[in-house]
Amino acid sequence: MHVVIMGCGRVGSTLAHNLEARGHSVAVIDQDADAFRRLSADFQGITVTGTGYDGAVLRQAGIERADAFAAVSSGDNSNIISARLARETFGVSRVAARIYDQKRAEVYERLGIPTVATVRWTADRMYRHLVPEGHVETFRDPTSTVSIIEVPVHKDWIGRPLRALEETSGTRTAYLMRFGIGTLPTASTVLQEGDQVFMLVTDDIAPSVTTVAANPPEGAH
């Protein structure tokens with residue numbers, strides 16, 4: 001893939017290195033030439049000084065052959081304008097934007113532009129670590145129908161098959177975090193101490209799923 005990134009801050013430079021390490025070609029745009037110092041000396045991609053909503057700058061970065069575009073500058077307006085330009089003018093199919101304003105993020109998600117609402121995500125994650133009750137949403141689809149929530153699990157579920165929790169709660173597990181690594185569950189997965197469980201829910205079943213997981217399974221002693 002060829003990926004164009006607007007913004008060479010900490011997120012943009014890290015994303016560029018991750019993509020290049022996986023064999024993708026990368027172009028990074030930033031209006032501050034000094035920002036490219038965050039890229040390592042062995043970075044093989046393209047760097048372009050300018051704004052991500054300037055068509056000439058985007059073309060210089062290879063937007064016309066790009067498979068994906070990421071807008072991760074520090075400005076919400078710049079990110080969303082450049083993301084829409086990449087999608088609507090240049091026909092880039094995979095576009096994502098970092099948005100600080102949660103309300104704006106929700107609007108653009110409904111327009112089909114995936115966003116990362118930085119402030120909300122960080123606050124939710126911090127809250128989850130400080131006050132581990134209830135659930136924290138980690139993903140919501142663009143139609144705002146299906147979400148993935150982290151579900152705190154009662155200790156008595158440990159050692160039991162994950163499918164038992166799924167059958168009791170009436171939903172499926174999207175993934176587990178085990179020893180800090182994302183894991184896709186299988187039919188034989190057994191819950192272990194320290195597992196973080198992320199389940200697929202709709203808004204109407206999220207409370208009941210959380211309640212089932214937070215209580216011991218039927219028959220537990």
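See the structure shown above.
The structure reproduced in this document is the subject of the present report. (Residues numbered from 1 in each chain as written. Predicted model: local features only at pLDDT ≥ 70, side-chain atom pairs only at ≥ 80, totals over all residues. Heavy atoms only, no water.)

**A few points about the side chain of T171**
Then step 1. By the secondary structure assignment, T171 is in the loop between α6 (162-169) and β9 (173-178).
Then step 2. Residue T171 is classed as buried on the basis of its relative accessible area, which comes to 11%.
Then step 3. A polar contact of 2.2 Å, which involves the side chain of T171, links it to the backbone oxygen of L200. (Helix = DSSP H or I, 4+ residues; strand = E, 2+ residues; numbered from the N terminus. Buried < 20%, exposed > 50% of the residue type's maximum accessible area, 1.4 Å probe, protein only. Polar contact = N/O pair within 3.5 Å; in protein donor to acceptor, adjacent residues only side chain to side chain.)

**Section: the sheet that holds strand β4 (residues 68-71)**
Within a sheet, adjacent strands bond to each other through the backbone by hydrogen bonds, running parallel or antiparallel.
Then step 1. In space, the six strands of this open sheet follow the order β3-β2-β1-β4-β5-β6, with parallel pairing throughout. Two strands in the sheet have a free side with no partner beyond their single neighbour: β3 (46-49) and β6 (115-117). Sheet twist, expressed as the average angle between the axes of neighbouring strands with direction ignored, equals 15°.
Then step 2. Across five bridges, the pairing between strand β1 (residues 2-6) and strand β2 (residues 25-30) is parallel. If you follow H2 over to β2, its bridge partner there is S25.
Then step 3. Relative to the sheet, helix α1 (residues 10-21) contacts β1, β2, β4 and β5 (94-99), its axis offset from that of β1 by approximately 170°. (Pairing = 2+ DSSP bridges. Axes fitted to C-alpha atoms, helices over the stretch in contact; angles between N-to-C directions. Contact = heavy atoms within 4.5 Å.)

**A closer look at the nonpolar core**
Then step 1. Grouped together as the largest cluster of nonpolar side chains are 25 residues, with contacts concentrated most on V4, I29, L58, I63, F69, V92 and V95.
Then step 2. Every element with two or more residues in this core is listed here: β1, β2, α2 (55-60), β4, α3 (76-89), β5 and α4 (102-110).
Then step 3. Broken down by element, this core gets its largest block of residues, four residues, from α3.
Then step 4. Setting aside residues up to four positions removed in sequence, L58 forms contacts with I29, G52, I63, F69, L85 and F90. (Core = buried A, V, L, I, M, F, W, Y, C linked by side-chain atoms within 4.5 Å.)

**Comments concerning the environment of A16**
Then step 1. One can find A16 in helix α1.
Then step 2. In sequence terms A16 and V3 are 13 residues apart; their C-alpha atoms lie 8.5 Å from each other.
Then step 3. For A16, the contacting residues outside a window of four places in its chain are I5, V26, V28, L39 and F43.

**Things to note about the packing of α6 against helix α7 (residues 206-214)**
Then step 1. Where α6 meets α7, the closest approach of the two axes is 9 Å, and the angle between their N-to-C directions is 135°. By the angle between their axes, α6 is oblique relative to α7. Considering the relative orientation of α6 and α7, their crossing is right-handed. Contacts between α6 and α7 involve L165, T168 and S169 on the former and, on the latter, V209, V212 and A213.
Then step 2. Of the residues contributing to the contact of α6 with α7, the split by class is four nonpolar, two polar and no charged. (Parallel < 35°, antiparallel > 145°, perpendicular 65-115°, else oblique. Left-handed = near helix turned anticlockwise from the far one by under 90°. Nonpolar A, V, L, I, M, F, W, Y, C, P; charged D, E, K, R; others polar.)

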